[in-house]
Amino acid sequence: QVLLVETGGGLVQAGGSLRLSCAASGRTFSSYAVGWFRQAPGKEREFVALITWSGGSTYYADSVKGRFTISRDNAKNTVYLQMNSLKPEDTAVYYCAATPGGITIATMTSSLTYDYWGQGTQVTVSS
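What comes next is a walk through the structure. (Residues numbered from 1 in each chain as written. Predicted model: local features only at pLDDT ≥ 70, side-chain atom pairs only at ≥ 80, totals over all residues. Heavy atoms only, no water.)

## Quick word on the overall build of the chain
- Scanning the chain for helices and strands turns up 0 helices and 11 strands.
- Beginning at the N terminus, the succession of helices and strands in the chain can be written as β-β-β-β-β-β-β-β-β-β-β.
- A compact globule built from 127 residues should have a C-alpha radius of gyration of about 14 Å, and the chain, at 13 Å, falls within 12% of that.
- Considering only C-alpha atoms, the chain reaches an extent of 40 × 30 × 25 Å along its principal axes.
- For the chain, buried positions account for 44% of its 127 residues.
- Taking contacts inside the chain between residues at least 6 apart in sequence as the whole, the part at least 24 apart equals 58%.
- When the accessible surface of the chain is totalled, it reaches about 6,400 Å², and 50% of it is carbon and sulfur.
- Positive and negative side-chain charges in the chain, numbering 10 and 8 respectively, have mean positions lying 6 Å apart. (Helix = DSSP H or I, 4+ residues; strand = E, 2+ residues; numbered from the N terminus. Rg over C-alpha atoms; globule rule 2.2 N^0.38 Å. Buried < 20%, exposed > 50% of the residue type's maximum accessible area, 1.4 Å probe, protein only. Contact = heavy atoms within 4.5 Å. Areas by Shrake-Rupley, 256 points an atom, 1.4 Å probe, with all protein chains shown as cover. Lys, Arg positive; Asp, Glu negative; His and termini not counted. Charge placed at Lys NZ, Arg CZ, Asp CG, Glu CD.)

Here it is in structure tokens:
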């Protein structure tokens, strides 16, 4: 069992930055791939970024590429999402999710791939 808790959301002006954290319980968290998703009001949950268990590979949605950076510190059981140059369209509830299973480029964007989810943290970007 893995429990995930997201923190770091808030209100920021367009062009600003936020860093989200996803803290996990469980001694095997370092073997899990972790993704970030977001869901805006009235929209489906969408993939934002993924980091593999070792941190050796990262993947991003085209909409955030070059602005967001995902990283992890396995010693702290924490995954981060650094968000720069924020835009109003980045406004959403952001969720982290983890899976111990195999993950591929074809499956990483699907929420069904992930076994554990946090409760979400609100990010609001004002124009």
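## Thoughts on the pairing of strand E4 (residues 33-39)
- Here E4 lies mainly inside the structure; 6 of its 7 residues are buried.
- Direction of pairing for E4 relative to strand E5 (residues 46-51): antiparallel, over a ladder of 5 bridges. By the bridge assignment for E5, Val34 is matched with Ile51.
- Taking the residues between adjacent antiparallel strands as the criterion, E4 and E5 are bridged by 6 residues, where Gly42 takes a positive phi near 75 degrees. (Pairing = 2+ DSSP bridges.)

## A closer look at the packing of aromatic side chains
- Counted by the stated rule, this structure contains 7 aromatic pairs.
- Ring geometry for Phe37 against Phe47: centres 5.7 Å apart, planes inclined by 80 degrees, an arrangement best described as edge-to-face. Of the two residues, Phe37 is situated in strand E4 and Phe47 in strand E5; the sequence distance between them amounts to 10 residues. Each of the two residues, Phe37 as well as Phe47, counts as buried.
- Between Phe37 and Tyr114, the aromatic rings sit 5.2 Å apart at their centres with planes inclined by 80 degrees, giving edge-to-face as the arrangement. (Phe/Tyr/Trp six-rings, centres within 6.5 Å; stacked < 30°, edge-to-face > 60°.)

## Some points on the pairing of strand E8 (residues 78-83)
- Taking burial as the measure, the 6 residues of E8 include 5 buried ones, the bulk of the element.
- Pairing of strand E3 (residues 18-24) with E8 involves 6 bridges; the strand directions are antiparallel. Within the sheet, the bridge partner assigned to Arg19 lies in E8 and is Gln82.
- Once strand E7 (residues 68-73) ends, the chain turns through 4 residues before running back antiparallel as E8, passing Asn77 with a positive phi of about 55 degrees.

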